[in-house]
Amino acid sequence: DGTPQKKTTTRERILTETMALAGQPADDAATLAFGPEFPLDSCECLSDAEVTTILDTHLRSSAAADRPFPRKALEYARRNVGARPLEAVKTEAVHVRQALQDLDFEGTDAGALHVFEVAAITNLMGRDSEPEEARALVPSLRRYDDDQLGRILAAAAGARQN
């Protein structure tokens, strides 16, 4: 039909085929399906601010400073957290994560935020996000109505200001 097709890597193809053979869907962040490598009960997702803090500490305290991958990963994560001082970014990320984990949607179909959603919302820290924008960037948030998602974004913004 002339439409360009997305090229899949060998890893993506093998993972998709393996998941299909096992009767499981392929990875899909919109449905919070991350495959067997990331079990729901024991996985953790990190925000860009947390990755920046960990890599910065690691590179300062080890011989890894001359290794290109950790250095490039730190540069990428730093770009996403901006030019703010590292301690301020770290403190802000901790406060936002705690505020989001403390939210309670018990008794609703939406349920608690997934660790992936907490990290993704934490990455929106510098922005005044509206529910529509948050849903566009993190599709799994569609299960929350506007009021619930407004509470989530308000909690993140309030924690950011502390």
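No experiment lies behind these values; they were computed from the predicted model shown. (Residues numbered from 1 in each chain as written. Predicted model: local features only at pLDDT ≥ 70, side-chain atom pairs only at ≥ 80, totals over all residues. Heavy atoms only, no water.)

Draft legend 1. Region of the structure containing the state of the cysteines. Tallied over the entire structure, the rule returns zero disulfides. Here Cys43 stays free of any disulfide, with the sulfur of Cys45 as its closest cysteine sulfur at 5.1 Å. When its relative accessible area of 13% is taken as the criterion, Cys43 is described as buried. (Disulfide = S-S within 2.5 Å. Buried < 20%, exposed > 50% of the residue type's maximum accessible area, 1.4 Å probe, protein only.)

Draft legend 2. Structural context of the packing of helix 4 (residues 86-102) against helix 7 (residues 146-161). Where helix 4 meets helix 7, the closest approach of the two axes is 8 Å, and the angle between their N-to-C directions is 150°. Viewed along their axes, helix 4 and helix 7 form a crossing whose handedness is right-handed. Across the interface between the two elements, Glu92, His95, Val96, Ala99 and Leu100 from helix 4 touch Ile152, Ala155, Ala156, Ala159 and Arg160 from helix 7. Tallied by class, the residues present in the contact of helix 4 with helix 7 amount to seven nonpolar, one polar and two charged. (Axes fitted to C-alpha atoms, helices over the stretch in contact; angles between N-to-C directions. Helix = DSSP H or I, 4+ residues; strand = E, 2+ residues; numbered from the N terminus. Left-handed = near helix turned anticlockwise from the far one by under 90°. Contact = heavy atoms within 4.5 Å. Nonpolar A, V, L, I, M, F, W, Y, C, P; charged D, E, K, R; others polar.)

So, to be careful, I would describe these as geometric facts and stop short of saying anything about function.
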